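Residues per chain, in single letters:
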Amino acid sequence: NILSQQYESQIRPCIDLIDSLRALGVEKDLALPAIAVIGDQSSGKSSVLEALSGVCLPRGSGIVTRCPLELKLKKSLKGIEWSGKISYQGESIDIESPAEVEDEVRKAQNCIAGEGNGVNDELITLEIVSPDVPDLTLIDLPGITRVALPNQPADIGRQIKKMIKKYIQRQETINLVVVPSNVDIATTEALEMAKQVDPSGERTLGILTKPDLVDKGTESDIVDVVKNLSFPLKKGYMIVKCRGQSEIQSKLSLKNAIDNENAFFEDHEYFRVLLQEGHATIPALAERLTVELVEHINVSHL
């Protein structure tokens, strides 16, 4: 089990309460705890969400997440079949298998934001019930972009930042900032946006991705970042290795990808210590997020 039993008994009731209140429209009057996932384009944000949810989400070049996507993951008992449901514009559609999720999300985005690469801040809700997911509700937001493509509004970058800010400035939101390991973390716009609304880093958790692309000789710098020594955040950092493009093309399953991820950190001369200290892998991130969310719910007195 990704989660220990003691957490499951605390987590499910809390998250069910939050989801019920959100469904009743209480959010308009009361900001509810949530985890908002932000990152620059190509940061690995979709890969992290895929690994946590066990389903494939839309991929490609340019803007892939074009509407806020509320991803409700509900851990079921072993033996209970996988089920999915997508809701938008007052409609709910049952999803028969994980293989259909990507197409349904794409259809929903096209319906709301139109064909092409425009964005819209109307929410899509995707609910997944499975014995293989953690109890979590995450909100995926469009990747930060700087240059508009020919078929995009000229102010697309401003639109996206405005949408992200609406979610991350809420005091009840945990900001999950996804940053590639091969990029200078000090220059990432996602972390800068999080710092603007959360200067002390109380609500921000950093996620480093793509550790296999780190330049030789810079590994110890990455270890320092994950150990919270370089750019401190109160919630600190985690590091994960999700499926790369070649693994996706070769249809490597998400389960096998988690096995590969664990082997990568176990065998890595520099990053092995991060695994030993509990700062690495998707399963460790899943457990960390559920604990953070429940603590955040308790702090909010819900």
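Heads up: the structure comes first, above all this text.
Anyway, here's the lowdown on the structure attached to this text. Keep in mind that what you see is a predicted model, and the values were worked out from it rather than measured.

Procedures and definitions
Numbering of residues begins from 1 in every chain and follows the order in which that chain's sequence is written. Reporting of local features is limited, given that this is a predicted model, to residues whose pLDDT is at least 70; pairs of side-chain atoms are given and counted only at 80 or more, and all residues count toward the totals for whole chains, interfaces and linings. Side-chain figures throughout are based on the complete set of non-hydrogen atoms in the structure, without hydrogens or water. When accessible area is computed with a 1.4 Å probe and restricted to protein chains, residues below 20% of their type maximum are described as buried, those above 50% as exposed, and intermediate ones as partly exposed. Each helix is a run of H or I in the DSSP string that is no shorter than four residues. Each strand is a run of E no shorter than two, and both are numbered from the N terminus. For two strands to be treated as a pair, DSSP must find no fewer than two bridges joining them. Salt bridge criterion: a side-chain nitrogen from Lys or Arg within 4 Å of a carboxyl oxygen from Asp or Glu. Only Phe, Tyr and Trp rings take part, Trp by its six-membered ring, and two of them pair if their centres are within 6.5 Å. Stacked means planes under 30 degrees apart, edge-to-face means over 60, and tilted covers everything else. Note on criteria: charge over ring means Lys NZ or Arg CZ within 6 Å of the ring centre, with the direction from the centre no more than 35 degrees off the ring normal.

**Some details on the pairing of strand β1 (residues 34–39)**
Counted residue by residue, β1 has six buried out of six residues, so it is predominantly covered. Residues A34, A36 and I38 point to one face of β1 and I35, V37 and G39 to the other, with burial holding for every one of them. Pairing of β1 with strand β7 (residues 173–180) involves six bridges; the strand directions are parallel. Across the sheet, residue I35 finds its bridge partner in β7, namely I174. The pairing of β1 with strand β6 (residues 136–140) spans three bridges and is classified as parallel.

**Some remarks on the environment of K78**
When you line up the elements, K78 lands in the loop between β2 (69–75) and β3 (83–88). On the basis of relative accessible area, K78 is assigned to the exposed category, the value being 61%. Sequence spacing of K78 and D132 is 54 residues, and the spatial spacing of their C-alpha atoms is 8.5 Å.

**Re the pattern of salt bridges**
Following the criterion strictly, the structure yields 13 salt bridges and no others. For R243, the salt bridge identified is with E50, shortest N-O distance 3.2 Å. With R243 in the loop between β9 (237–239) and α7 (245–249) and E50 in helix α2 (residues 45–53), this residue pair connects regions lying 193 residues apart in the sequence. Taken individually, R243 and E50 each receive the classification buried, so the pair is uniform in this respect. The partner of E292 in a salt bridge is R288, and the shortest N-O contact between them spans 2.9 Å. Separated by four residues within a single helix, E292 and R288 lie in helix α10 (residues 282–299), roughly one turn from each other. The network of salt bridges with shared partners includes K235, R288 and E292.

**Let's talk about the packing of aromatic side chains**
For the structure shown, the criterion picks out one aromatic pair. On the basis of an interplanar angle of 80° and a centroid distance of 5.2 Å, the ring pair of F264 and F265 is categorised as edge-to-face. Like F264, the residue F265 is buried in the burial classification. One cation-aromatic arrangement involves R170 over Y167; the distance from NZ or CZ to the ring centre is 5.0 Å. Across the ring face of F264, the terminal group of K241 is positioned such that the distance to the ring centre comes to 5.8 Å.

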